[in-house]
Amino acid sequence: MIPHTLTIAGSDCSGGAGIQADLKTFSALGTYGMSVITALTAQNTQGVQAVHAVPAAFVTAQCQAVFSDIRVDAVKIGMLADTAIIAAVADALREWRPACVVLDPVMVSKNGHRLLADSAIDALRWHLLPQASIVTPNLPEAAALLGCDEATTETEMVEQGRNLLKAGCQAVLMKGGHLSGSNSPDWLITPQEAIPFTAPRIQTKNTHGTGCTLSSAIAALYPRYKNWPETIAHAKTWLSGALAQADQLDVGHGIGPVHHFYQWWQ
């Protein structure tokens, strides 16, 4: 059967990140996509101008509508905005217990706009990390979740990933794009092992939505491969192609999106 994948995240009206990037990723990777919108953002390639959080009760209503009627094979969670929305999503996960939950702890946009209230970080840590099959933080997000300094080496990345496991999630993908160097190192950390995924850093300014796209690719592919190493390897290979072809698009005047449909659009 074609997998059904649900994204619970914020909307990006410019189409490069958030719900829009997730649904494009689901389609590109052959899954049926659904969405629960947690926030509306007024943003473009140059930044976020405004954020409107969806009332938590309406987030609950959206979750109930999807889970009560449609098989959900994997869930990707992105922008959650505030504590009330985190509580609503956590309650829905406890009620419906989806088999795979990919948590991308979105906190700050690429242009530096805060997308999660500081007061909500503890709620994310205590209520959602224990329900996550895998969490996919970049280095600033991992540091915020742990209340520590940002990792500056791969050894520190692995150590922080292991500390995140203690919060209750089953696996961690530490994303090392913030490190300097010609390669971009990621590390998969599970209770059994730590596996590096290193790829050449692709030279493009058009990286808007990269984190959303990777986490949604992992959610889309996990029902196919049923293990993290294969899932992440295929997700990163696909994302590398989307980054390598991003300059084919001509979207906006700032940081443009990756090319989700590079395999089909000529």
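Scroll up to find the structure.
Residues numbered from 1 in each chain as written. Predicted model: local features only at pLDDT ≥ 70, side-chain atom pairs only at ≥ 80, totals over all residues. Heavy atoms only, no water.

Novice: Report on the side chain of Asn206, specifying residues and quantitative values.
Specialist: The residue Asn206 is located in the loop between β9 (194–200) and α7 (210–225) in this model. With relative accessibility at 9%, the residue Asn206 sits in the buried group. At a separation of 2.9 Å, a polar atom in the side chain of Asn206 contacts the main-chain amide nitrogen of Gly256. Not counting residues up to four positions away in its chain, the partners in contact with Asn206 are Leu243, Ala246, Asp247, Gly254, Ile255, Gly256, Pro257 and Val258. (Helix = DSSP H or I, 4+ residues; strand = E, 2+ residues; numbered from the N terminus. Buried < 20%, exposed > 50% of the residue type's maximum accessible area, 1.4 Å probe, protein only. Polar contact = N/O pair within 3.5 Å; in protein donor to acceptor, adjacent residues only side chain to side chain. Contact = heavy atoms within 4.5 Å.)

Novice: With reference to specific residues and values, describe unusual backbone geometry.
Specialist: Phi is positive for Ala81, which is not a glycine, with a value near 75°. Relative to the helices and strands, Ala81 is located in the loop between β4 (74–77) and α3 (83–96). Residues other than glycine seldom take positive phi values, yet Lys226 does so here, at roughly 65°.

Novice: An account of the pairing of strand β1 (residues 4–12) is needed here, citing residue identities and associated values.
Specialist: With nine of nine residues buried, β1 is to be regarded as a mostly interior element. By the bridge criterion, nine bridges tie β1 to strand β2 (residues 32–44) in an arrangement that is parallel. Opposite Asp12, over in β2, you have Thr41 as the bridge partner. In this fold, β1 hands off to helix α1 (residues 18–28), which returns the chain to β2; that crossover is right-handed. In terms of strand pairing, β1 meets β4 through four bridges, oriented parallel. When the sheet's bridge partners are listed, Ile8 is paired in β4 with Ile77. (Pairing = 2+ DSSP bridges. Right-handed = clockwise from strand over helix to strand, strands pointing away.)

Treat this as a map of the structure, not an account of what it does.
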